[in-house]
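Descriptive structure summary
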Number of protein chains: 2
Amino acid sequence: MSEKPRLLGNRIVAQSRLFRIEAVELEFANGNRVEYERLVGSGRGAVLIVPLLNPQTVLLIREYAAGSDRHELGLPKGKIEAEEDILEAANREIKEEIGYGSRSLKRLTELSIAPGYMSHRTHIVLAEDLYPERWPGDEPEEIEVVPWPLNAIDTLVARDDFTEARSLAALYLVREHLSRKPS
Amino acid sequence: MSEKPRLLGNRIVAQSRLFRIEAVELEFANGNRVEYERLVGSGRGAVLIVPLLNPQTVLLIREYAAGSDRHELGLPKGKIEAEEDILEAANREIKEEIGYGSRSLKRLTELSIAPGYMSHRTHIVLAEDLYPERWPGDEPEEIEVVPWPLNAIDTLVARDDFTEARSLAALYLVREHLSRKPS
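The structure contained in this document is the topic of the report that follows. All values reported here derive from a predicted model rather than from experimental measurement.

So, on to the overall build of chain A. Regarding its fold elements, chain A presents 3 helices and 10 strands. Dimensions of chain A, computed from the C-alpha atoms along their principal axes, are close to 55 × 40 × 35 Å. Residues counted as buried form 39% of the 183 residues belonging to chain A. In chain A, once contacts between residues fewer than 6 apart in sequence are set aside, the share between residues at least 24 apart is 60%.

Written out as structure tokens, the structure reads:
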């Protein structure tokens, strides 16, 4: 197991309303010194939810994504707010984004998106036993809800508006999870 | 299909050596106006490679990740350099990071990591028919190469040093791809 590099110094080099960029100077065990830049996250992390309408059907959403500047298909997700735990955040997000709550929420794992330069963490939550409940969200336009067969992940991958690595990994994880569950 | 919002204005609000943050003002079809911030990428994108030593064994790497501040297990990856195509970049990265070249490279798909605020795109490349060839990389310490059975993705997920969504999605994609291939 490799030894962690020693932190020689750090400073904020750029900052905006949403982002904070930190430069860190590190010394590796072999004496090499390197300066890295990284995005500093909010700390509480995010949730990404796999809402199952029934064991064969997942509810995807289609919404505008400013980074790629187009509408993207993916799973509902959002930041964990102060005083919320992981499952509360997951249930709030699906009420806001797909109009369902869940009576059965299960945290499957935690994923990172670019650990080389982001501390960002996302908890993957499986939501089953759904019931209709809509909470107002803060989206600028109505989110489209798209039911999708869980056994048709390959046709999703073939579309060019479904690209998000976390959403894809989460769908595979849930399919694995369900296949191991005694029915 | 939803209409794309209209761009009312954009400006760079923060910048560092590696990152550039842009604020964009958008007007949605329903008249709502929103300001978003997004990270502006390099444009050429990145490659993430799934190198198979044999049909049952993938070569993972373990290296220090500055964002999460610890050593992470994952797949080799890197930026596409100027004048490189996708497969050339993939072959260079595995020569630098795992000490193998590939005689059979195949681009499977393209993934995003956070399309809501990043334009970043990663091409997923399957590398088979490997042969030993080591090129010098720019890593501050030696990268550890970790052979892993492709049928043991669940034990990888259970580890807390394997978290990267793109690496996980890519392993599942390759397993699917191989299962469809006539043997």
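Okay, the relation of the copies chain B and chain A next. Note on the identical chains: chain B maps onto chain A by a rotation of 180 degrees and an axial translation of 0.0 Å, with an RMSD of 0.0 Å. Put plainly, the chains are arranged around a two-fold axis. If distances are taken from each C-alpha of chain B to the rotation axis, the shortest is found for Ala169(B), at 2.2 Å. Taken as a fraction of all interface residues of chain B, those also at the interface in chain A reach 100%, which identifies the copy contact as same-surface.

Membership of the largest hydrophobic core comes to 82 residues, with the highest contact counts inside it found for Val50(A) and Val50(B). The contact partners of Val50(B), leaving out residues within four places of it in the chain, are Val58(B), Leu75(B), Leu126(B), Ala127(B), Ala170(B), Leu171(B) and Val174(B).

With that out of the way, let us pick up helix H1 (residues 86-97) of chain A. Residues and elements named next belong to chain A. With 12 residues, H1 should cover 16 Å at 1.5 Å per step; its first-to-last C-alpha distance of 16 Å lies within 8% of that length. Buried residues of H1: Ala89, Ala90, Asn91, Glu93, Ile94 and Glu97, and no others. Elements that come into contact with the buried residues of H1 comprise strand E4 (46-54), strand E5 (57-65), strand E7 (77-79), strand E8 (100-112) and strand E9 (121-132). Positioned one or two residues after H1, Gly99 has a phi angle of 80 degrees, which is positive.

Our focus in this paragraph is the interface of chain B and chain A. On the side of chain A, 53 residues touch chain B, which itself brings 53 residues to the contact. At 7 residues, helix H3 (residues 165-180) of chain B tops the list of elements feeding residues into the side of chain B that touches chain A. Here the side of chain B that touches chain A is composed, by residue class, of 27 nonpolar, 13 polar and 13 charged.

With that settled, consider the pairing of strand E4 (residues 46-54) of chain B. All names here are of chain B. Of all 9 residues that make up E4, 7 are buried, and the element is covered over most of its length. Sheet topology places E4 next to strand E7 (residues 77-79); 3 bridges connect them, and they run antiparallel. If you follow Ala46 over to E7, its bridge partner there is Lys79. One ladder, built from 6 bridges, connects E4 with strand E9 (residues 121-132); its direction is parallel. Each residue of the ladder has a partner; that of Val47, found in E9, is His123. Pairing of E4 with strand E5 (residues 57-65) involves 2 bridges; the strand directions are antiparallel. Bridge pairing links Leu52 to Val58 in E5. Here E4 hands over to E5 after 2 residues, the two strands then running antiparallel side by side.

One non-glycine residue, Glu83(A), lies in positive phi territory at about 70 degrees. Tracing the chain through its elements places Glu83(A) in the loop between E7 and H1. Given 7 C-beta atoms within 10 Å, Glu83(A) falls into the exposed group. With phi around 50 degrees, Asp129(B) is a residue other than glycine that occupies positive phi space. Relative to the helices and strands, Asp129(B) resides in strand E9.

About the criteria used
Residues numbered from 1 in each chain as written. Chains lettered and ligands numbered in written order. Predicted model: local features only at pLDDT ≥ 70, side-chain atom pairs only at ≥ 80, totals over all residues. Helix = DSSP H or I, 4+ residues; strand = E, 2+ residues; numbered from the N terminus. Buried ≥ 20, exposed ≤ 12 C-beta atoms within 10 Å, placed from the backbone. Contact = placed C-beta atoms within 7 Å. Least-squares fit on C-alpha atoms with pLDDT ≥ 70 in both. Core = buried A, V, L, I, M, F, W, Y, C linked by C-beta atoms within 7 Å. Expected span 1.5 Å × (residues − 1). Nonpolar A, V, L, I, M, F, W, Y, C, P; charged D, E, K, R; others polar. Pairing = 2+ DSSP bridges.

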